[in-house]
Amino acid sequence: MIVATIHIDNKPYEVQEGDNLLSACLSLGFDIPYFCWHPALHSVGSCRLCAVKNFRNEEDTRGHIVMSCMTAVCDGMRISVKDPEVLEFRASVIEWLMLHHPHDCPVCDEGGECHLQDMTVMTGHNYRRTRMRKRTFRNQELGPFIYHEMNRCIQCYRCVRFYRKYAGGRDLDVSGIHNHLYYGRFEDGTLESEFSGNLVEICPTGVFTDKTLRKHFTRKWDLQTAPSVCVHCGAGCNTIPGERYGKLRRILNRYNHEVNGYFLCDRGRFGYEFVNSDRRIRRAHLRPGTSDRSAELEPSSKEAVVASLEGILANGKRPIGIGSPRASLEANFALRSLVGPDRFYTGMPESESALVSLVLETLTCGPAVSVSLREVELCDAVLVLGEDVPNTSPRLALSLRQSVRRRSLKIADKHCIPLWNDRAVRKVSQEAKSPLFLATVAATRLDDISAATFNGTPDEIARLGYAVAHELDPAAPPVEGSTSEEHVLAACIAGALKAAERPLVVSGTGCGSEAVIIAAAQVAAALHRVGKTAGLSLCVPECNTLGVGLIGGGHLEAAFKEVTSGAADTVVILENDLFRRADAKLVAEFFKAATHVIAIDHLFNQTASHADLLLPAATFAEADGTFINAEGRAQRSYRVFPATDEIRESWRWLYELMQAAGKTDLPLWTTPDDVCRSIAESIDALKPLGQVAPPADFRVAGLKIPRQPHRYSGRTAMTAQVSVHEPAPARDADSALAFSMEGFHGHPPNALLDRYWAPGWNSVQALNKFQSEVGGPLRGGDPGIRVLEPAPDREATYPESVPEAFSPRAGERLIVPLYHVFGSEELSAVSPGIAERSPGPYLGLSPDDAESIGVDEGRNVRLTVADVVLVLPVRLIPSLPQGVTGLSVGLGDLPYVQVPAWGVVTRAKAGD
Amino acid sequence: MLSDLVKQEIRSRVDRDHPEAVAVEALHIVRNHYGWISDEMLREVAGLLDVDPAELDGAATFYNHLYRKPVGRHVILVCDSVSCWIMGYESLVAHLTRRLGIGMGETTADGRFTLLPIQCLGSCHTAPALMIDADLHEELDEQKLDAILAQYP
Amino acid sequence: MERPLTRNFRPDGPFDVKEYEKAGGYEALRKVLTGMSPKQVCDEVRASNLRGRGGAGFPTGAKWAFMPPANGEDRPRYLIVDADEMEPGTFKDRLLMEGDPHQLIEGIVIGGFAVQADVAYIFLRWEYKLAEKRLRKAIAEAYDSHYLGRNILGTDFNLELYLHVSAGRYICGEGSALVNSMEGKRAIPVARPPQQTESGLWGRPTLMNNVETMCNVPHIVKNGAAWFQGLSVCEDGGTKIYGVSGKVKRPGAWELPMGTPLREILEQHAGGMRDGVKFRGVLPGGASTEFFGEEHLDVSMCFDSLAQVGSRLGTGSLIVLDDRTCPVGMLHNLETFFARESCGWCTPCREGLPWIANILKDIEEGRGQPGDLEILEAHTRMLWIGRTYCALAPGAMEPLKSALRYFRDDFERHIRDKRCPWR
Ligand SMILES: Cc1cc2nc3c(=O)[nH]c(=O)nc-3n(C[C@H](O)[C@H](O)[C@H](O)COP(=O)(O)O)c2cc1C
Ligand code: SF4
Ligand code: FES
């Protein structure tokens, strides 16, 4: 960094030479108003609000107005941010934008957190001088997530720039000309991009607002919020959920420079409504008469349930515990402590367990290091092996979209175009892309930016990876019998990775193949051997897959065996619907063999309905918890509101069960910190867990961090219909956060940062005030700690054997899993908006295969895998290789089928 | 539905290096053939060029001559820029609207004429001027205009 | 007096290629291709002091020199002729294209050679149907005669020339917007940097010049920079096509020495005001220049002297305001044009211009209010250079700013009397 000294209103400041002037001034703490500029979308200079005055030199007293967002900082520069002409001009810009703005703040969803409101106040424009009639527009119906109100538009172009250029969406654009610009779709219809929800935060006013929030609307200042972590995939995006009246109202992005930055995917933003679902288990349940399970579960008192558990746990054979990759470390560890490490099962089926172990081994043995989502964006050549990233880890896909821009940025740099000058960068670079290679089972929503795609079976994908490794380093085993095209492709990929400054290999558990993960590790290892530091990003399915993997334990089938063999007769199931992870028949047999089934979960599901004892578990919104994401980053998520009814954190239930079971050597667990301490003590890999977040007794100047903003309203009246006496705020002994509006309202440690607000900045843009420099890390460091670091200088070793080439089997087809961002994940799928976007279960066939079977799109076929028979409608997927059939995963009430596997597909019979 | 001929013409204009560049030209072709560009036609062109209709509409609604609404058999483009305005634009338009019974931007009931304003036609020295379809008419007055209109059945 | 640009003009249509050759056409091209290096051509143009005729008056030779040196590999390089002439009051390029299309083509080929372009485009506005027809014919002839295409005149210089017909918008004439338009996008300007010469069409080096600018090139090359310089009566070289519209006796266009006094153009060539009307003011260079009054009539019509008295030569097209025409109405007409043609990219232009037009309409129709003129005045400052994204809006402020000065009484009378005195 070259330091430049600039004078702002005659005071010297040190900034980075060439930096964007607006961003530099904001970073220095100046309040310069802006609209079209965004730290992630950079400068286009269209709104003209960010004017400052530039003086040629000390003698120049007149100066001239420039747009700070379009100006590069240079040493010796003299500017004024409060020159009267500048102030007059900024106020004019707001006046122009207000000519047609409807001034409907009182009924606008954005009111109170509106960047336009903030900027209007900041510039001091307040008197309407025009006599013109306002122009009006028709609004569009944009689907379940986004509400459209075009009259509020101030034409900053941010929405289309984000949607199209940043997120790669196509179905939103600007039309019209002069002062009649329209931002919308060609016609009414659901916004297709899975990143559409970010429009809510990108739009500086109320044109695009959160439709799910609208259905149970609450102003920002009335929301109780907490720092949370998304539970809907393995990426671990940071979120800020907001609650009022015991209902979760919405999710906003929580900035973490290393993880999700400014953006979430729609699954993460709109998947929250399962928390409010009618299907929530709110009370403890008991099944009367335990022998044949014919009776229905009945709500019961917590005491009665615990008492009966006491009997079961004290008298039964030792119970086993089935944990869950979607439950927190605390919950899983508590279960493990209840049943003992040797009787703890991770809750993952054998196949998945093996994949997860492999991922952990790869990430801990090196040589490649797992990269954060931000680092992904810096990689200039990427190979994706097997993973349908947009569907399994959508936020990672968004980062990959940014990574291909590396070449553009390099070209721009060569032309001396500052990288923040967005239109100029795109112009000189002609959007040249760095190479992204996609080897996946079928087409993905990243194909449009890829340098080359390869669709094949998991083994073929693995073989391609091996071939790339061999091309990179001849010491890696060669792949025999590949076609010349595969050869050329492998050489081309190897060449691109080698030529890159920061190559990246992406893979994961998605296609269910160990060979694919090994192949990805091989490519990374080979790169290492030829002197390249390769990044590795391995996708895992759930929010705590790696966490439960690190705790360790047997797989699901082993748990079944334990019970069916009679070695155990009691089972405690933690936040896990076994029917989504194992063959229904096996699960049924398992339940039949178990004398006592105790389930702890959020929602009534099939497993819950098989339980004899059911305990209501708090969701992420009501429980603190620690999760480890795919990168290997441990992150603490805090409850947003106190659980109601009998809902409690799973670990608390389990702790109570330990006490009920008469355990003697109980550690003293009163807060999640205590549980984490126990985890750190007993699990080596999780030693750093103690530092994941400030302890529960942390205070700033003796104060807790309030979850409610200082403008939180109605506290004295919220429950007046019950009692006119204001209830005492719920206590939170578990963390430094408080369920209250009293406390420290400044900048707390970032792990505890539960909203962005600064004087004059009520919108999400207030975030600027919390970053060390705008768009950079949070001041004081981003939350979370990496727990998976490979040992330094581990040498790569190559396996001996390479997977065989794919040979089709007569009469059989390889069934592979296909994922959907909307629908494949269990909890979010319960949210109405996500459910609306989710397709129904289907079987994907290539058109040729469909023809040979004699079926068309939409017609039913019969799939037989092992002894499961499914009847499903056909979806034609042209990119599927012949002989390969895709089975949608996790959609609707589709029973679990373990794939990849060989199966038979035939036309459905009349009765099917 | 675009005719095969139109589709053929659009395809023939596609520059291999820059397929997206043909967007405006393709809409031009459609407009030349059908007089205007309906939603349906726009959607079809978008399909041909593999762009989203929203993006194509962005271009279609930007330019003057890519009509997104139906027009009459003949389009009268009256120059409303400054020199013509000085030289009698207002009375010319008054005469036209009286004769045709329509206002600016409208189409006669019989579908014969659509009346639209246009920027300076570069006939400032021969003002006032207007174009009917592809023909420029200059130094107009009311009698001359009546005779000219008669040429467009 | 020499009139190189218009000497071939004939009432019965332009010269075909044979006639053009007979009149000495394509000799300049032959001279260039057989004996000059690209750099020599650039130097000659630079020495001639030719300044861009598109409105901004940028020295042409200097612009050509901005083109990065061709290394034979980074192809293609483009040359674009801006024939989008839509500045109200301007019709010179139309006359040049209709009157002598081969002259433009010859200029393009020479310019193309000078900057080593591979592909040239004429970006023509849709409404210029006659020019389109004549250019198409001339281009075809030029190809047939090996003035265009591969191995031009047997040399190894190649140049393809395409006629691109615009879908219509004033902003398309702005260079960077024009490029976006040619790329099939919305014609939104792009701020510099990058310069087009570095990154223009498709990100490639691109030279853009006005029609009249290019038409001068063959004559410069053929007769030399000194001759060209000698044509003018001021610092800038060459002749200029001045046009006059409004209520003068003989509206029209004349090729005259660059720097001809305004009064001479108005009184001698345009014949002075029509009977019954008096001169009140003139926009000297198209719609986006500042008004001049009587006191300026002796100014010499060239870039520098007009700038000195606070207006611009622009396109050199005079629009005359007479005493029977309402200045407020004229301003309303002008600003309505600019408001309609704003591309909508930046706030001041997109929102400010319609507001201005609306106020002017109110004043003209008797609904003006005290304070309106202050709002208009504020806009002339707020929509100034640097505050808007491109030059459209500042251009729109030039006539307004000067009108508020020159015709202040008229504006105030409208507001006071609540009606237009001319109606
Ligand atoms: C709003 C706007 C419209 C313009 N329209 C034209 C035009 O129609 N024709 C033209 O030659 N230049 C036009 N220009 C000027 C061009 O941007 C450019 O300066 C010119 O074509 C360069 O050529 P020259 O150097 O030969 O003058 C326009 C500029 C602006 C800002
Ligand atoms: S001044 Fe702004 S809105 Fe106007 S034409 Fe230029 S860029 Fe477009
Ligand atoms: S923020 Fe600088 S112009 Fe919009």
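Residues numbered from 1 in each chain as written. Chains lettered and ligands numbered in written order. Predicted model: local features only at pLDDT ≥ 70, side-chain atom pairs only at ≥ 80, totals over all residues. Heavy atoms only, no water.

Caption draft 1: Inspection of the overall build of chain A at higher detail. Summing up its helical and strand segments, chain A has 26 helices and 37 strands in all. Relative to the 2.2 N^0.38 estimate, which gives 29 Å for 912 residues, the radius of gyration of chain A is 28 Å and therefore close to what a compact globule would have. Projected onto its principal axes, the C-alpha positions of chain A cover 90 × 80 × 60 Å. Classification of the 912 residues of chain A by burial places 64% in the buried group. Of the contacts formed within chain A by residues at least 6 apart in sequence, a portion of 74% connects residues at least 24 apart. Total accessible area on chain A is roughly 32200 Å²; 51% of this is exposed by carbon and sulfur atoms. Counting 96 positive and 110 negative side-chain charges, chain A places the centres of these two groups 6 Å from one another. (Helix = DSSP H or I, 4+ residues; strand = E, 2+ residues; numbered from the N terminus. Rg over C-alpha atoms; globule rule 2.2 N^0.38 Å. Buried < 20%, exposed > 50% of the residue type's maximum accessible area, 1.4 Å probe, protein only. Contact = heavy atoms within 4.5 Å. Areas by Shrake-Rupley, 256 points an atom, 1.4 Å probe, with all protein chains shown as cover. Lys, Arg positive; Asp, Glu negative; His and termini not counted. Charge placed at Lys NZ, Arg CZ, Asp CG, Glu CD.)

Caption draft 2: The sheet that holds strand 31 (residues 785–786) of chain A, seen in detail. Ordered in space as 27-28-31 (chain A), the three strands form an open sheet in which the pairing is antiparallel. Of all the strands in the sheet, just strand 27 (625–628) and strand 31 of chain A have a single pairing partner and so form its edges. (Pairing = 2+ DSSP bridges.)

Caption draft 3: Summary view of the site of ligand 2. Around ligand 2 there are 13 residues in total, and S342, C343, C346, C349 and C390 of chain C lie nearest to it. Looking at side-chain class alone, the shell around ligand 2 contains ten nonpolar, three polar and no charged residues. (Near = heavy atom within 4 Å. Nonpolar A, V, L, I, M, F, W, Y, C, P; charged D, E, K, R; others polar.)

Caption draft 4: Structural detail: the domain arrangement of chain A. Residues and elements named next belong to chain A. You can read the domains of chain A as domain 1 (3–98), domain 2 (369–533) and domain 3 (813–907). Taking the mean C-alpha position of each, domain 2 and domain 3 sit 27 Å from one another. On the domain 3 side, the residues contacting the 17 residues of domain 2 number twelve residues. Around 1000 Å² of area is buried between domain 2 and domain 3 when both sides are counted, 69% of it from carbon and sulfur atoms. Taken together, the connections running from domain 2 to domain 3 amount to zero salt bridges. The interface formed by domain 2 and domain 3 includes four residue pairs in polar contact (both at pLDDT 80 or more). The biggest single contributor to the side of domain 2 that touches domain 3 is helix 12 (residues 389–392), with three residues. Its residues assigned to classes, the side of domain 2 that touches domain 3 shows seven nonpolar, eight polar and two charged. (Domains from an automatic or database assignment. Buried area = accessible area lost by both parts, 1.4 Å probe. Salt bridge = Lys/Arg side-chain N within 4 Å of Asp/Glu carboxyl O. Polar contact = N/O pair within 3.5 Å; in protein donor to acceptor, adjacent residues only side chain to side chain.)

Caption draft 5: Quick look at helix 9 (residues 211–223) of chain C. Residues and elements named next belong to chain C. Taking burial as the measure, the 13 residues of helix 9 include eleven buried ones, the bulk of the element. Listing the buried residues of helix 9 in full gives V211, E212, T213, M214, C215, N216, V217, P218, H219, I220 and V221. For helix 9, the capping residue at the N-terminal end is N210, with a side-chain oxygen 2.8 Å from the backbone nitrogen of E212. One or two steps after helix 9, the chain reaches G224, where phi turns positive at roughly 95°.

Caption draft 6: Summary view of the sheet that holds strand 2 (residues 119–124) of chain C. Residues and elements named next belong to chain C. Pairing is parallel in the open sheet, where four strands are placed in the order 3-2-1-4. Each end of this open sheet is capped by a strand with a single partner; those strands are strand 3 (160–165) and strand 4 (206–210). Going across the sheet, the axis of each strand differs from the next one's by a mean of 20°, ignoring polarity. Pairing geometry for strand 1 (residues 78–83) and strand 4, over five bridges, is parallel. (Axes fitted to C-alpha atoms, helices over the stretch in contact; angles between N-to-C directions.)

Caption draft 7: Here's a closer look at the interface of chain A and chain B. Listed by partner, the interface residues are 13 residues for chain A and 14 residues for chain B. Interface area for chain A against chain B, summed over the two sides, is near 1000 Å², with a carbon-plus-sulfur share of 54%. Three residues, R170, I177 and F186 of chain A, lead the burial of chain A against chain B; their summed loss comes to 57% of the area buried on that side. Along the contact surface separating chain A from chain B lie three salt bridges.

Caption draft 8: A look at the site of ligand 1. All names here are of chain C. As a structural note, the neighbourhood of ligand 1 is formed by 18 residues, with G54, K63, N209, N210 and T213 the closest of them. The separation between an oxygen atom of ligand 1 and a polar main-chain atom of E85 is 3.3 Å. Within the backbone of G175, a nitrogen or oxygen atom sits 3.2 Å from an oxygen atom of ligand 1. Here ligand 1 has 610 Å² of accessible area as a free molecule, and 86% of this is covered by the chains. No other element matches the three residues that strand 4 contributes to the shell around ligand 1.

Caption draft 9: Examining unusual backbone geometry more closely. In this structure, the amide linkage connecting A127 of chain B to the following residue, P128 of chain B, adopts the cis form with an omega of -10°. One non-glycine residue, E575 of chain A, lies in positive phi territory at about 40°. The topology assignment puts E575 of chain A in the loop between strand 24 (570–574) and helix 21 (584–593).

Caption draft 10: Examining the pairing of strand 7 (residues 279–283) of chain C more closely. Residue and element names in this part refer to chain C. Burial runs high along strand 7: four of the five residues are buried. Sheet topology note: the strand 7/strand 8 (residues 317–322) ladder contains four bridges and is antiparallel. Directly across from L283, in strand 8, lies its bridge partner I319.

Caption draft 11: Highlighting the domain arrangement of chain C. Residues and elements named next belong to chain C. Entries for chain C in the domain assignment read domain 1 (17–230), domain 2 (239–322) and domain 3 (327–417). Here the C-alpha centre of domain 3 lies 22 Å away from the C-alpha centre of domain 2. Contact with domain 2, which involves 14 residues of that partner, is made by 16 residues of domain 3. Across the interface of domain 2 and domain 3, roughly 1200 Å² is buried in total on both sides, 63% from carbon and sulfur atoms. Contact with domain 3 buries area across many residues of domain 2, yet R280, E290 and F291 alone supply 50% of it, more than any other trio. The tally of links between domain 2 and domain 3 comes to four salt bridges. The residue E398 makes a salt bridge to R312 at a minimum N-O spacing of 3.0 Å.

Caption draft 12: A look at the environment of T444 of chain A. All names here are of chain A. By secondary structure assignment, the location of T444 is in the loop between strand 20 (436–440) and strand 21 (452–455). In this structure T444 comes out as buried when scored by relative accessible area, which is 10%. Taking the C-alpha atoms as reference, T444 lies 42 Å from S337; in sequence the two are 107 residues apart. A polar side-chain atom of T444 sits 3.1 Å from a polar atom in the side chain of D447.

Caption draft 13: Highlighting the pattern of salt bridges. Residues and elements named next belong to chain A. If you walk through the whole model with that rule in mind, you get 110 salt bridges over all chains. We note a salt bridge from R269 to E201, for which the minimum N-O separation is 2.7 Å. You can see R269 sitting in helix 7 (residues 266–270) and its partner E201 sitting in helix 5 (residues 199–202), a full 68 residues away along the chain. With respect to class, R269 is no different from E201; both count as buried. Across the pair E258 and R374 runs a salt bridge whose closest N-O atoms are separated by 2.9 Å. Taken as a pair, E258 in the loop between strand 13 (247–253) and helix 7 and R374 in helix 11 (residues 373–377) lie far apart in primary sequence, 116 residues in all. A relative accessible area of 16% places E258 in the buried class. By relative accessible area, R374 is classed as partly exposed at 24%. Through salt bridges with shared partners, a single network forms among D624, R639, E649, R652, R707, D732 and D734.

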